[in-house]
Amino acid sequence: MTIERIRAEAERDKPVAKRSPTEMMVRTRRALWLVLGMLCLSLLVVVLGIYTTTRTESLSIAGYVSGVILSFGSFLGVLGLFLEENRKQLLTAAIVFLSFGIIASFMCLVIDGVFIVFNVDIRPLKAGRCQFYASGSSYIYENYHASVPCRTLKESCSMTVRSGTCYCCDLYDCANGGYLNNYYEFVGVRSCQDVLTLYILIWVLTSLNLVAFFIGILTTAVLGSIKGLRSSSPMTQSSENRMSSPTAPLLMDANTHTVHQLHQVFPCP
């Protein structure tokens, strides 16, 4: 029992790692710049992802999801670095959201980069072998469909397209009705040139998600290191040094000292 008490007192008397106010301020300022950069990058991912998603109905872009989560986590990180009262709770919440945002950015990187970019063949678009179909102003955009001829080097057939569609007959499988390739048409574009622009935007969004993945890991590590720090003021240091000094006089409670003297003067029978 005595050995366990000695070990407990030794662990209790170990000095807690503290930082001076100047060093803490410098580290907080650097972390603030990093979190603000993460916030700007996340907002850019959100804006670019939403803009790319609304360009066409044929592709479902998921890149903006990671930006939403990362921007919310970065906002909590900025609040945690500015506020002293609830810093630990806010930084903990920021780290949690940033961790989910890192996972989401990796998933968006796989979905947009692998399943979409590498499955979209833009060689017929560059060669000018794709056609754009517009029904005209007298028809409703969503409800008008038409059958257009589609001729390839091997076979010819007809395909049904909607108004405002860029279609590529070289990517259409006449025997299977185009079911082997889902990206032979792009609905909702203004011209086939918009498809090339959309392809570039998807690559840019994928690259931003890759950058956000690594910066998110760095930001999470920096916020985690700041969350465990404790700043020490000069008054706290002087009081702790006075209490820990072996030559410092011991302060006794006046009431306790008086009661002890009364017990000495009037001993109990």
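For every chain, the first residue of the written sequence is number 1, and numbering continues from 1 along that sequence. Residue-level local features of this predicted model are given only where pLDDT is at least 70; pairs of side-chain atoms are given and counted only at 80 or more, and the full residue set underlies all totals for whole chains, interfaces and linings. The basis for every side-chain value is the complete set of heavy atoms in the structure, and neither hydrogens nor water enter the calculation.

A.B. asks: So what about a nonpolar patch on the surface? Which residues, and what values?
C.D. replies: A cluster of nonpolar side chains, contributed by Phe72, Val96, Phe97, Phe100, Ile103, Phe106 and Met107, occupies part of the molecular surface with about 670 Å² of accessible area. Only runs of H or I of at least four residues qualify as helices and only runs of E of at least two qualify as strands under DSSP, and these elements are numbered from the N terminus. With six residues, helix 4 (residues 87-116) is the single largest residue contributor to the nonpolar patch. Tracing the backbone shows Val96 in helix 4. Two joining distances apply to patches: 9 Å for like charges and 5 Å for nonpolar side chains (Val, Leu, Ile, Met, Phe, Trp, Tyr), and every residue must have over 30% relative accessible area and no salt bridge. Only the protein chains shown count as cover for residues, with accessible areas throughout obtained via the Shrake-Rupley method and a probe of 1.4 Å. Basic side-chain nitrogens of Lys or Arg form a salt bridge, by our definition, when they fall within 4 Å of a carboxyl oxygen of Asp or Glu.

A.B. asks: Just give me the short version of empty space enclosed by the protein, but keep the residues and values in it.
C.D. replies: A pocket, in this scheme, is an open set of points on a 1 Å grid over the protein atoms alone with protein on both sides within 12 Å along at least 5 of 7 lines, while a cavity is a set where a 1.4 Å probe fits but cannot get out; residues line either one if an atom lies within 4 Å of a point. Grid points are joined across faces, edges and corners, and a volume is the space filled by probe spheres set on the points. Under the counting rule described, the total for this entry stands at one cavity of 30 Å³ or more. Empty space within the largest cavity amounts to approximately 30 Å³. Taken together, Leu59, Val120, Phe186, Val195, Leu198, Tyr199 and Ile202 form the lining of the largest cavity. Ranked by residue count, the leading element in the lining of the largest cavity is helix 6 (residues 193-227), at four residues. Tallied by class, the residues present in the lining of the largest cavity amount to seven nonpolar, no polar and no charged. Three classes are used, and their members are as follows: Ala, Val, Leu, Ile, Met, Phe, Trp, Tyr, Cys and Pro are nonpolar, Asp, Glu, Lys and Arg are charged, and the others, Gly among them, are polar.

A.B. asks: Tell me about the state of the cysteines, and name the residues and values.
C.D. replies: The term disulfide is used for any two cysteine sulfur atoms that are within 2.5 Å. In this structure the tally under the stated criterion is three disulfides. The partner cysteine of Cys130 in its disulfide is Cys168, sulfur to sulfur 1.9 Å. Where Cys130 bonds to Cys168 through sulfur, the torsion about that S-S bond is close to 100°, and the disulfide is right-handed. Placement of Cys130 in strand 1 (residues 130-133) and of Cys168 in strand 4 (residues 165-168) is noted, with a sequence separation of 38 residues between them. Disulfide partner of Cys150: Cys169, at an S-S distance of 2.2 Å. With a gap of 19 residues between them, Cys150 in strand 2 (residues 145-151) and Cys169 in the loop between strand 4 and strand 5 (185-187) connect regions that are remote in the sequence.

A.B. asks: Can you lay out helix 3 (residues 63-82) for me, pointing to particular residues and giving the numbers?
C.D. replies: Working rule for helices: expected span equals 1.5 Å times residues minus one. Given a rise of 1.5 Å per residue, 20 residues ought to cover 28 Å, and the 30 Å separating the end C-alpha atoms of helix 3 matches this to within 8%. Listed in full, the buried residues belonging to helix 3 are Gly63, Ser66, Gly67, Leu70, Ser71, Gly73, Ser74, Leu76, Gly77, Val78, Gly80 and Leu81. Here's how the labels work: a residue is buried when its accessible area is under 20% of the maximum for its type, exposed when over 50%, partly exposed in between, all with a 1.4 Å probe on protein chains only.

A.B. asks: Run through the packing of helix 4 against helix 6, naming residues and quoting values.
C.D. replies: Angles run from 0 to 180 degrees between N-to-C directions of axes, and those axes are lines fitted to C-alpha atoms, restricted for helices to the stretch in contact. Two elements in contact, helix 4 and helix 6, have axes whose closest approach is 8 Å; the angle formed by their N-to-C orientations is 155°. Relative to helix 6, the element helix 4 lies roughly antiparallel. The element helix 4 and its partner helix 6 pack so that their crossing is left-handed. For classification purposes, an angle smaller than 35 degrees is called roughly parallel, one larger than 145 roughly antiparallel, one from 65 to 115 roughly perpendicular, and anything else oblique. Left-handed is the label given to a crossing in which the near helix is rotated counterclockwise from the far helix by less than a right angle, and right-handed is the label when the rotation is clockwise.

Geometry only, nothing functional implied.
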